[in-house]
Structures are given as C-alpha cells and as structure tokens.
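# Tertiary structure, described
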Amino acid sequence: MLRKKKTIALLLICTMIMSVVLVGCGKKGGDAAKDGDAAKNGGELAPVELTWYFIGNGQQEDTALIEDEINKYIKDKINATVKLQCFDWGSYDEKIGTMIASREEFDICFTSSWANNYREKAVKGAFVPLNDMFDKYAPKTKELLGKDFLKGSEIGGVNYAIPTNKEKAHQWGFILREDLVKKYNMDISKIKKFEDIEPFLKTIKENEPGVYPLEAAGAQNPRMHLDYDGIDGENLGVLYNDSKDMKISNQFELPEMKEYLNTIHRFYNAGYIRKDAPTLTDYNADESAGKIFAAIKSLKPGKDKELTVSTGQPWVQVAITQPIIGNYDAAGSMEAISTTSKNPERALMFLELVNTDKYLNNLINYGVEGKHYVKVSDEVIKPGPENSKYNPCIQWALGNVFLNYLSEVEDKDKWDKFQKFNDAATPTKDLGFMFDPAPVKNEIAACKASGQDYILGLETGMLDPKVYLPKLTAAYKDAGIDKVIAEEQKQLDEWLSTQK
Amino acid sequence: MSKSKGNSKEGYLEISRKSNIIFNIILTILAIMCIYPLILVFMVSITDEKMISLYGYKLIPKKFSLYAYEYIIKDIGVVLRAYGTTALVTLVGSLISIVIITMYAYPLSRKSFKYRNTFSFIVYFTMLFNGGLVPWYMVYARFLHLKNSYWALIIPALLSPMYVLIMRTFFSTSIPDSLIEAAKIDGAGEFYTFCRIVIPLAKPAIATISLFNILSYWNDWYLPLLFITDEKKYTLQYLLYRVEKSIQYLSTSSQSAGNVSGALANIPSQSSRMAMAIIAIGPIIFAYPFFQKYFVQGLTIGAVKG
Amino acid sequence: MAKSFNKSLANEQQIKKQSSIKNFCIEFKKNKVLFFMLIPGLIVLLINNYLPMPGVLLAFKDYNYKDGFFKSAWCGFENFKYLFMSGKAWTITRNTIMYNVIFIIISITIPVALAIILNELRNRKLAKFYQSVFFLPYFLSWVVVSYLVFALLSSDMGVVNAALSKLGLKTHNWYAEPKYWYFIIPFVNTWKWTGYDIVVYLASICGFDKSYYEAAAVDGATKFQQITKITIPLLKPIIIILTLLKVGKIFYSDFGLFYIVPKNSGAINSATDVIDTYVYRGLRESADVGMSAAAGFYQAIVGFIVVCTANYITKKIDKENALF
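Note that the structure is a prediction, hence the values are computed from the model and not measured.

## Some details on the overall build of chain B
- Regarding its fold elements, chain B presents 15 helices and zero strands.
- Counting every position in chain B, which comprises 306 residues, the buried fraction comes to 49%.
- Look at the contacts in chain B between residues 6 or more apart in sequence, and 69% of them connect residues 24 or more apart.

Quick look at the structure:
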C-alpha cells in the first residue's frame with residue numbers, strides 16, 4: 001500500500017510539473033497587446049483581423065462571400081478584416097463559455113442576460129471596460145443608445161458591452177385568439193389586470209372543450225405579468241418598478257404574488273389550465289394547433305401580428321402593464337470585446353460602423369443585394385434568389401436595428417412605432433445597478449436548487465399555495481435567502497448613495 | 001426451475017421443453033416492451049404534427065406526413081456528409097481504441113506482472129477524478145491545437161477505464177494460465193502469445209468492447225459541440241442535436257428573440273423529435289446483429305488439451 | 001502448490017526491502033514487452049486525463065478570468081458550501097446512494113439471469129433475436145424516453161390515466177406525486193440498460209470452457225445444478241468487477257434519467273433530485289468554475305474512499321478479483 005501511495009504521489013507530481021510547463025507555453029501571446037494609438041484613417045493603422053462570435057441559426061453558407069464584401073468596404077475606413085462565426089442556439093453558450101474560460105483569443109462576442117451571461121462573465125474579467133473608449137472610438141453609437149440604455153447595462157458604473165439599439169422596454173399583457181374573441185363577443189377593452197380575464201376563461205371552458213383557456217408553462221409563465229424588477233437572475237430579491245422606499249423583498253412574500261398564486265390555483269382547479277402545465281416547455285405546438293385561448297406574453301408593437309405569422313392562428317394583444325425599461329432589457333442583446341483580444345480599439349471601431357453605417361449593417365444582416373435580397377423600394381426588401389445561402393435572421397443581435405431594411409410583410413411604420421414605444425417607457429428606479437453575486441454565490445446556488453421543488457408547481461397553479469408557499473419560504477430560508485437579500489440591499493444602498 | 005425429466009439428453013445438456021416454453025413466454029413479453037416503444041417512435045415520426053397535439057402519441061397515425069423528415073433533412077447533401085464524417089470517426093476511433101485497450105489490458109491480466117495493480121489503479125483513477133472541463137479543453141485546444149480537427153473527436157474516447165477493466169477480466173477468466181505457460185515453454189514471447197493465442201480466444205470480449213466503442217463514437221455529440229466549428233466536419237448526432245435545440249429555442253422563445261420569423265408556424269416540433277431519433281439510430285442498429293456472430297461459446301475447447 | 005506459494009511469499013518479502021526503483025528496473029527487464037504494450041494507453045491517459053488533472057485544484061480556488069489558473073486566489077472549502085447549505089443536502093445524498101444501490105442490485109440479478117436463460121434457450125435463432133431486441137432501448141436517447149414516459153404518464157392524454165379511468169379507477173397526476181417515482185425511475189433505468197448489461201455477461205459465458213459442462217453432465221448434474229455450480233461461479237469475477245466499478249460511482253448519477261425523464265417537474269424533486277441535478281440547478285447560468293469543480297471533487301473523493309474500502313475487502317476475500 002505504501003509503495004502504491006509513493007507511485008501515486010510521484011505520478012501526480014510529474015503531471016503537475018508538466019502541466020505547469022505546458023500551460024506556460026500555451027500562454028505565450030495570450031495577453032492582449034496594446035494597439036498603441038489610434039483613430040482616424042486606415043492608412044495609419046496596421047492591418048488586423050477581427051473575429052466575431054455570435055449566436056443564431058448556425059454559420060450561413062455564403063458567410064465567406066459576405067466577409068469579402070465587408071472587408072472590401074471597411075479596408076479604407078479601419079483597415080481591418082473580419083471573420084464572422086455564428087454558433088447555433090444549443091451550442092453558443094457552451095462553446096463561448098469554454099473559450100472564455102480557457103482564455104482563447106478572439107475579439108468580439110455576443111452576450112446578454114440569457115446567453116453567455118453578461119453579469120457573471122463581466123464581473124470575472126472576460127470583457128473589456130468600454131467607458132473610456134467610447135468617446136474616442138464609438139462616439140456616435142454612444143449618442144444613439146442614449147443615457148438610459150447605456151446606464152442599464154453598467155456594472156458598478158462601467159460598461160462592458162454595447163447594447164443593440166432595438167426596442168428598449170418591456171411590457172406584459174395577454175394575447176388572445178382573435179377568432180374566439182369575436183365569436184363570443186368578448187369586450188377585451190375591459191381587461192385591465194390579470195384577474196379581469198376570468199369571465200372570458202369561464203366562457204371558453206364551458207363552450208370550447210378542445211381548448212385550454214389559459215396557457216401556463218415554464219418559460220413565459222403568467223406570473224411574469226407582476227413585473228417585479230429582479231435584482232439577481234433568479235428573482236430571489238425584487239424591487240417594485242416604481243419603488244418608493246427601495247426596499248428589496250423576496251417576491252414570494254409580496255402581496256400581489258400571494259394573490260396571484262391564489263388566483264392561478266383557482267384557475268387550475270377550475271380546469272382553465274392544462275393539468276401537465278409544470279412539465280411543459282414547448283407550448284408553441286399547442287398554440288399552433290389552436291389549443292390555447294389566452295396567454296401572458298412579453299409585448300411590443302406588432303407582437304400579435306408576429307405570432308399570427310409564426311403560429312398560423314389569429315391573435316390580438318391587450319397590454320396590462322406599462323412599458324418599462326429595466327436592467328434586463330438593456331442586457332437583452334449586447335456585443336462585448338474580449339479581454340483576450342489583441343485589438344480592442346479596432347474592434348470597437350468596427351462595432352461603431354456596424355451601429356451607424358447603414359450599408360454595412362444591412363450587408364451583415366441581409367447579404368448582398370440582388371443575390372440574397374431584392375429591393376422593393378428604398379427601405380423595403382424581399383428575399384432574393386439565393387436567400388437560403390445567407391439568412392441569419394438575427395437582426396436584434398447584429399447592431400442598430402433601426403438601420404435595417406424592412407421586410408415586405410412588416411408594418412411600414414415599424415420603426416416609428418418602436419421609437420414611440422421606447423420614448424413612452426419609464427425606467428425602473430434602479431436602472432444601472434448591477435448586483436455582484438460573488439459574496440453570496442453559495443446561498444444563491446442553494447436557493448436556486450431548492451426553490452425548484454415548488455416554484456413551477458405554484459406558478460402554474462398545480463400546487464396549493466396555502467400548503468406549499470410556506471414550504472417554499474422555509475426552503476428558501478434554509479438555503480440562506482435572507483443573507484442574499486441583505487447583501488442585495490447593502491449593494492443597492494451603496495449604489496444609491498453614489499447616484500445622489 | 002428445470003427438472004431432469006424427459007429423455008437423457010434433456011436436463012443434462014439442454015433444458016426441458018417445459019422450461020423452454022416458460023422462458024420463451026417471459027422473453028417474448030420483455031421483447032415486446034423493448035420493441036413497442038421503438039415502433040411507436042417511428043409511427044409518431046410519420047404522423048402529422050397537428051394530430052400529435054390533438055390526439056397524442058398513437059400507434060396508427062391519424063394522418064400521415066413525412067414533413068418531419070423533410071424539415072430535418074433540408075439538405076440531403078449535408079446529412080450524407082454528416083453520416084460520412086460520423087462513419088469515418090467511428091471506424092478509425094473504434095479500431096485504434098480496441099488495439100490500445102487490448103494492449104493495455106493484457107499486461108494487467110498477467111499474474112506474473114508485478115505492477116499490474118499499479119497500472120490498473122492508474123487507469124481506474126481517471127474514472128473518478130478529472131480536472132474538469134476547462135483544463136481538459138485547454139489541453140486539446142490550446143496545447144495540442146486540435147480545435148476543429150477529427151482527432152479531437154477520436155482521442156478522448158480511445159481508452160475508457162471501464163472497458164479496459166472489463167477486458168482485463170475477460171482475459172483473466174477465459175484464457176487459462178496453463179495455455180500461456182505452455183506457449184512460454186515453447187519459447188513464445190509475450191507479444192507473440194498475445195497475438196496468436198490470446199486474441200483469437202478472446203473474440204467474444206473483443207466483439208463486446210468493439211461494439212461498445214462503436215456505439216460510443218457514433219452517439220457522441222458533445223465533442224463536436226465543443227471543438228468543431230467547420231460546418232463540413234460536423235457529425236450526424238451533433239447536427240441532430242442542433243436541430244433539436246433550435247426547435248426548442250424557437251418554440252420557447254423568450255422576450256429576447258424579438259424577430260420570430262414565419263418559420264415557426266410549421267415547425268413540426270413533436271414529430272421531428274421522433275424522426276431525429278430514427279435518423280440517429282440509422283445504420284448502427286445493425287451493428288449489434290453484426291457482432292452477434294462472435295458471441296459463440298466453446299472457443300476454448302481443445303485449446304488446453306491440444 | 002503450497003510449497004511454491006510459500007516460496008514466492010518469501011521472495012516478495014525480500015524484495016520489499018529493496019528500493020522500489022530498483023524493483024521497477026528488474027521488472028522492466030523481465031517484462032519489457034508488457035511495458036511497451038502499455039505505452040499507447042498511457043499516452044492517451046496522459047493527454048486526456050493526467051495533463052488536465054491539476055484542474056482538480058480549481059475546487060479550492062476562486063477562479064477569475066483575469067488571474068487565470070495560477071493567480072486566482074485560494075478559497076479553502078468555500079466552493080463546497082452550497083452543496084451542504086440548503087435543507088436538501090440530506091435528500092439528494094440519500095437519493096443518490098439509494099438509487100445507485102438499487103441499480104447495482106438489479107444489474108447483478110436481472111441481466112445475469114436473462115443472459116443465462118438466453119444462453120440456454122433451445123432455439124438459437126430465437127435467442128439471437130431476443131438479444132438484439134433487448135438492446136434496442138439503449139438506442140433511444142433520454143430525451144426521447146422522456147417523451148415516451150410522458151405519453152404514458154401525462155395527466156390528460158396519457159395512456160395510463162386513460163386506462164385507469166376506463167376501469168373506473170382514480171387517475172393520478174403522476175408528475176406531481178413523488179412516491180411513485182421511487183418505482184418509475186428504477187423501472188425506466190432497468191428497461192434502458194438491461195440489454196447492454198446482458199451483452200457483457202453473455203460474452204463472458206461464451207468464454208467458459210464447454211468441457212466443464214460436459215464433464216458435469218456425465219457426472220449426472222442437472223441443468224439447474226450446472227448453472228448454479230459452474231456458470232454462476234465462473235461469472236463471479238466479472239460481476240465483482242462491474243460491481244466495484246459501479247460502487248466507485250456511487251455519488252454520480254445519470255443526468256438524463258434524473259433530470260430529463262421527470263421533465264424537471266419540481267413537485268417530484270424529493271424523489272428525483274440527486275447530487276448531479278442539484279448542482280446543475282444551482283449553477284445554471286452561473287459561470288462559476290470553482291463551484292462545479294468542487295461538486296466534482298466531492299463526488300470523486302467519496303467514491304474513491306468507498307471503492308478503496310470495497311476493493312480492500314474484496315482483496316481479503318478473493319484476492320484475484322479485486323479492481324486494483
């Protein structure tokens with residue numbers, strides 16, 4: 001046994017020594033080199049290659065062609081060439097996460113609150129702080145985005161990524177089957193809050209046996225309409241959007257939530273909700289088959305039209321909250337520059353072009369005119385003969401959407417409506433505050449893991465809140481939620497004092 | 001269980017007819033439990049999507065539709081290339097793997113080898129402890145520069161500790177020591193003994209581990225996910241995984257995926273899942289019957305005597 | 001036999017007194033070829049497993065991208081805390097161990113019995129057919145299996161509930177009641193893996209010398225006696241090895257089985273939550289490398305202690321068949 005122990009020890013020491021040597025070798029050239037100075041024209045700058053990783057439907061066939069066009073166009077402006085690499089939905093997070101963690105070199109990557117988690121990665125040093133660089137390399141973009149939007153994605157006062165200029169706010173409401181609404185003469189203008197839907201649900205339940213009156217499923221649960229402003233990713237601590245006292249609470253202890261849980265449980269027992277609700281993640285199938293009457297969704301101008309196209313059923317939308325700009329909206333779609341990039345300044349210059357140059361923006365989004373799209377008028381396009389070879393369909397990730405050409409089927413006033421929507425929105429009281437979870441990461445992980453037992457069941461109305469809500473609260477307390485909220489409050493108060 | 005009734009051959013070399021019938025009945029029931037789900041999967045894959053939403057999984061589709069397959073195999077060229085890539089990786093990987101595994105397992109099975117336990121431990125240790133995703137990825141991507149290379153798909157699965165130890169056990173139990181001693185007396189070296197005597201006798205074991213290797217290479221989608229970025233080098237399983245994830249993302253689109261295109265209307269999410277399962281199995285389902293011919297008893301007869 | 005045994009024992013004791021490196025050289029000279037046969041495997045192990053091995057230490061570091069592996073601060077057992085913090089620590093540990101024990105017991109009984117039966121069937125063609133069919137569930141991924149189970153257990157469209165209501169019995173919301181899952185999980189697991197396990201045992205049986213059976217038959221042993229006195233003892237080594245291998249993984253679970261099949265329905269978590277699913281739920285969207293490394297380390301170290309103990313006991317009883 002002793003001999004074996006010696007062997008093991010010897011082996012481990014050898015491999016450790018070797019690993020140190022090898023990692024050291026691999027590290028050479030991994031540090032971001034300074035590009036020296038700057039701005040102005042291509043002639044003064046050395047040519048560089050920029051790599052851009054983003055999420056989407058996968059690498060398009062004609063990407064190389066597009067890259068050539070881009071390179072031709074930007075050579076004079078910033079003397080750089082670009083490589084575009086799209087990873088598909090399922091693998092983006094894993095791939096980019098591993099690349100960042102292993103300090104691979106690249107320049108630009110997509111980040112957001114829901115993919116390549118912006119908060120977590122920025123705090124751990126994955127992205128380059130941009131504040132000082134904005135004025136020099138991307139002044140127009142800064143102006144475009146406006147103070148609110150930029151503020152919303154700050155972490156400790158620093159911007160680590162550029163948000164995409166698109167719809168800035170979120171709003172919750174119902175989408176309802178237009179044909180059924182007409183059939184039963186429902187007056188949907190009466191729907192001002194969640195409970196108002198009840199009589200309509202009853203009508204459907206009594207008269208349409210094959211239709212589930214209310215959709216309740218994992219991802220966009222009706223509970224979202226409560227529109228609490230989450231401080232951390234799990235909504236363990238929340239604020240009211242228009243909070244007067246800026247006190248953070250556990251969302252499950254707030255009165256509106258309690259009322260909602262009772263209501264939804266009542267709905268579940270009355271049969272308004274599909275019994276399997278907690279296990280469902282794919283409700284698109286039910287929607288497309290016509291089995292859903294009403295659902296709570298995140299709304300924006302024209303959402304019902306979009307859904308009508310995508311599901312093949314007619315929908316109409318009714319908003320029940322006001323448009324709000326929150327921290328999560330700002331972090332819905334952003335581009336960050338990696339700290340492993342050798343040319344962060346050049347990368348930022350490129351992003352400035354993407355956000356302000358109409359030709360470049362539409363080139364990246366739609367392809368080459370005549371091949372991948374054809375112009376119907378100045379601003380309107382339709383798919384071209386080789387559309388299938390380059391059709392990324394992720395305008396909301398690739399720069400300023402207001403520059404995009406509109407598709408034939410879309411509303412001609414779409415951008416105006418978006419602008420009005422953005423302008424009408426009110427910011428949350430803590431816009432710009434990004435909570436740093438590091439001091440309580442253990443408690444957060446423990447809460448996340450133990451809350452799961454009850455949350456889905458409660459939110460979809462399957463579990464009786466009288467019995468299970470106390471259990472959830474107890475589980476959270478056991479996992480240390482009080483510590484989490486105390487830490488959140490502490491950081492919030494500190495941030496507030498710097499805002500005065 | 002079985003009684004020694006019937007004629008003299010029964011009960012000694014064969015089980016009784018009664019037992020045989022009972023066993024067959026039990027096995028048939030179990031077989032149905034195994035086949036039925038697969039047939040159901042196939043049937044659902046050729047059912048029209050809306051019928052699935054309305055009526056659930058039915059053995060006889062209410063309405064036939066091959067749309068799920070059309071949706072997945074958008075471009076037959078891509079799918080064929082993926083099949084080809086997978087086949088290449090699987091074949092090369094399994095061949096190299098079985099050679100490495102048998103070569104490693106043989107010394108471990110030789111009782112005269114003093115360090116057999118140490119080297120067994122070295123390989124077993126890796127089954128429990130590993131450095132984690134990031135250091136492992138760094139070795140392949142940054143140190144070996146194998147990103148986007150077929151080798152990144154082959155090397156990680158070359159030496160599975162479990163297969164090595166199973167192989168070692170097969171060697172120990174089915175190759176009598178006396179046989180090896182006899183070879184040694186005749187002047188054969190270890191390697192010669194290995195090639196000429198041990199390998200032929202260990203056919204069932206090699207067939208088993210080869211089968212497991214082939215299946216493991218064929219089914220893997222994780223390695224391409226991490227290492228491959230060149231569209232031409234993707235394997236079949238990864239392509240299917242990708243389609244499934246896209247459907248999932250598009251179906252449960254949260255507020256961030258603003259521009260949902262018309263494509264969503266017709267995504268046959270439920271039938272395509274089943275279609276993908278069928279495509280994923282594909283030819284590999286014939287691998288097992290192929291290897292069956294090696295599971296023959298009695299290879300050691302006469303080996304000791306002769 | 002005894003004499004040579006004593007002799008080799010004395011030899012061993014003598015050798016132990018010399019240094020181990022010298023021993024190594026002696027052994028190397030004696031069995032050069034064997035060492036060379038080990039080399040390809042060792043190279044693969046080196047690249048794939050031992051070079052990244054220092055990553056195990058990440059469990060004790062607060063890994064930060066800027067500082068990288070070397071400069072990130074040590075943080076002791078901080079990364080392990082979340083595993084024990086919530087009231088769930090006991091539940092997940094209990095579930096993990098309990099299910100693994102059940103799976104081990106099942107895997108050394110049912111597949112063994114079936115392998116033996118298959119080997120004894122009179123019609124070889126039928127036997128081959130059954131073997132192939134039993135293997136089929138292996139080909140279905142856990143995602144597909146979860147949908148099949150859902151088709152059975154769904155509250156409104158499931159086959160089981162439909163049958164129950166036709167018979168006038170009460171229907172259940174299967175995804176909401178934990179107690180049934182203690183049976184559903186082992187059942188699904190057995191269904192999926194039995195065919196695979198059968199292959200291993202069948203391959204073993206094929207390696208047994210038929211002359212043993214013939215000799216026994218001549219001596220008047222019945223089939224049943226042949227099975228219990230010859231087949232099963234000969235299967236002992238492989239059964240022991242497989243059991244030891246599985247025992248080492250006692251703190252690991254098949255993620256697909258415990259997360260995907262129950263469709264992440266929180267209500268039944270008390271029956272289906274295991275260490276791996278707990279870690280996944282807790283660290284989802286978190287970029288914390290240290291915490292996931294800590295979970296892996298925790299599972300590995302416990303498994304290691306258990307398997308060393310089991311191996312030690314095995315060595316005492318039956319030296320030949322230990323793992324190492």
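## As for the packing of helix 7 (residues 110-120) of chain C against helix 11 (residues 181-206) of chain C
All names here are of chain C.
- Their axes nearest at 8 Å, the elements helix 7 and helix 11 cross at an angle of 55°. Between helix 7 and helix 11, the crossing angle belongs to the class labelled oblique. Considering how the two elements wind past one another, helix 7 and helix 11 form a crossing that is right-handed. Each of Ile110, Pro111, Val112, Leu114, Ala115, Leu118 and Asn119 in helix 7 lies in contact with helix 11, whose residues at this interface are Thr190, Thr194, Asp197, Ile198, Tyr201, Leu202 and Ile205.
- Looking at the contact of helix 7 with helix 11, its residues break down into ten nonpolar, three polar and one charged.

## Observations concerning the domain arrangement of chain B
Residue and element names in this part refer to chain B.
- One can read the domain layout of chain B as domain 1 (17-68) and domain 2 (74-292).
- With nine residues of domain 1 at the interface, the matching set in domain 2 holds eight residues.
- For the side of domain 1 that touches domain 2, the secondary-structure elements that each account for two or more residues are helix 1 (17-45), helix 2 (49-55) and helix 3 (67-72).
- Here the side of domain 1 that touches domain 2 gets four residues from one element, more than from any other, and that element is helix 1.
- The residue makeup of the side of domain 1 that touches domain 2, split by class, is six nonpolar, two polar and one charged.

## Examining unusual backbone geometry
All names here are of chain A.
- Non-glycine residue Asn79 carries a positive phi angle of around 45°.
- Summarising the element assignment, Asn79 is placed in the loop between helix 2 (63-78) and strand 2 (80-88).
- Overall, the presence of 17 C-beta atoms within 10 Å leaves Asn79 in the partly exposed class.
- Although it is not a glycine, Met246 sits at a positive phi angle of roughly 55°.
- Summarising the element assignment, Met246 is placed in the loop between strand 10 (238-239) and helix 9 (255-269).

## Brief notes about the sheet that holds strand 16 (residues 380-383) of chain A
Residue and element names in this part refer to chain A.
- Within the open sheet, the three strands sit side by side as 15-16-17. Their pairing is mixed. The open sheet has two free edges, formed respectively by strand 15 (373-375) and strand 17 (406-407), since each of these has just one partner strand.
- Sheet topology places strand 16 next to strand 17; two bridges connect them, and they run parallel. Bridging across to strand 17, Val380 finds its partner in Leu406.

## Considering the interface of chain C and chain B
- At the junction of the two partners, chain C supplies 74 residues and chain B supplies 84 residues.
- Broken down by secondary-structure element, the contributors of at least two residues to the side of chain C that touches chain B are helix 3 (32-50), helix 7, helix 8 (124-139), helix 9 (142-153), helix 11, helix 12 (210-218), helix 13 (223-248) and helix 17 (289-317) of chain C.
- Looking at the side of chain C that touches chain B residue by residue, the class counts come to 51 nonpolar, 16 polar and seven charged.

## Some words on the sheet that holds strand 8 (residues 212-214) of chain A
Residue and element names in this part refer to chain A.
- If you trace the four strands from one edge of the open sheet to the other, you get 8-11-7-12, paired in mixed fashion. Among the strands making up the open sheet, the edge pair consists of strand 8 and strand 12 (315-319). Neighbour-to-neighbour, the strand axes of this sheet turn through a mean angle of 30°, independent of strand direction.
- Bridging between strand 7 (residues 171-177) and strand 11 (residues 292-299) involves six bridges; their strand directions are antiparallel. Looking at strand 11, one finds that Gln171 is bridged to Leu299.
- Sheet contacts for helix 8 (residues 198-207): strand 8 and strand 11; angle to strand 8, the most-contacted strand, approximately 175°.

## Side note on the domain arrangement of chain A
Residue and element names in this part refer to chain A.
- Domain parsing of chain A yields domain 1 (33-167 + 328-435) and domain 2 (171-322).
- Taken over C-alpha atoms, the centre of domain 1 sits 32 Å from the centre of domain 2.
- It is helix 15 (residues 414-424) that contributes the most residues to the side of domain 1 that touches domain 2, four residues altogether.
- When grouped by side-chain class, the residues that make up the side of domain 1 that touches domain 2 number three nonpolar, two polar and six charged.

## Here we look at the packing of helix 6 (residues 89-107) of chain C against helix 11 of chain C
Residue and element names in this part refer to chain C.
- Taken N-terminus to C-terminus, the directions of helix 6 and helix 11 make an angle of 40°; their axes are 10 Å apart at the nearest point. The angle between the axes of helix 6 and helix 11 places the two elements in the oblique class. When you trace helix 6 past helix 11, the crossing you get is right-handed. Where helix 6 approaches helix 11, its residues Tyr99, Ile102, Phe103, Ile106 and Ser107 are matched on the opposing element by Ile185, Pro186, Asn189, Thr190 and Asp197.
- Split into classes, the residues belonging to the contact of helix 6 with helix 11 amount to six nonpolar, three polar and one charged.

## Side note on the pairing of strand 2 of chain A
All names here are of chain A.
- One ladder, built from nine bridges, connects strand 1 (residues 48-56) with strand 2; its direction is parallel. In the sheet register, Tyr53 faces strand 2, and the bridge partner there is Gln85.
- Following the chain from strand 1 across helix 2 to the adjacent parallel strand 2, one finds a crossover that is right-handed.

What counts as what
Residues numbered from 1 in each chain as written. Chains lettered and ligands numbered in written order. Predicted model: local features only at pLDDT ≥ 70, side-chain atom pairs only at ≥ 80, totals over all residues. Helix = DSSP H or I, 4+ residues; strand = E, 2+ residues; numbered from the N terminus. Buried ≥ 20, exposed ≤ 12 C-beta atoms within 10 Å, placed from the backbone. Contact = placed C-beta atoms within 7 Å. Axes fitted to C-alpha atoms, helices over the stretch in contact; angles between N-to-C directions. Parallel < 35°, antiparallel > 145°, perpendicular 65-115°, else oblique. Left-handed = near helix turned anticlockwise from the far one by under 90°. Nonpolar A, V, L, I, M, F, W, Y, C, P; charged D, E, K, R; others polar. Domains from an automatic or database assignment. Pairing = 2+ DSSP bridges. Right-handed = clockwise from strand over helix to strand, strands pointing away.

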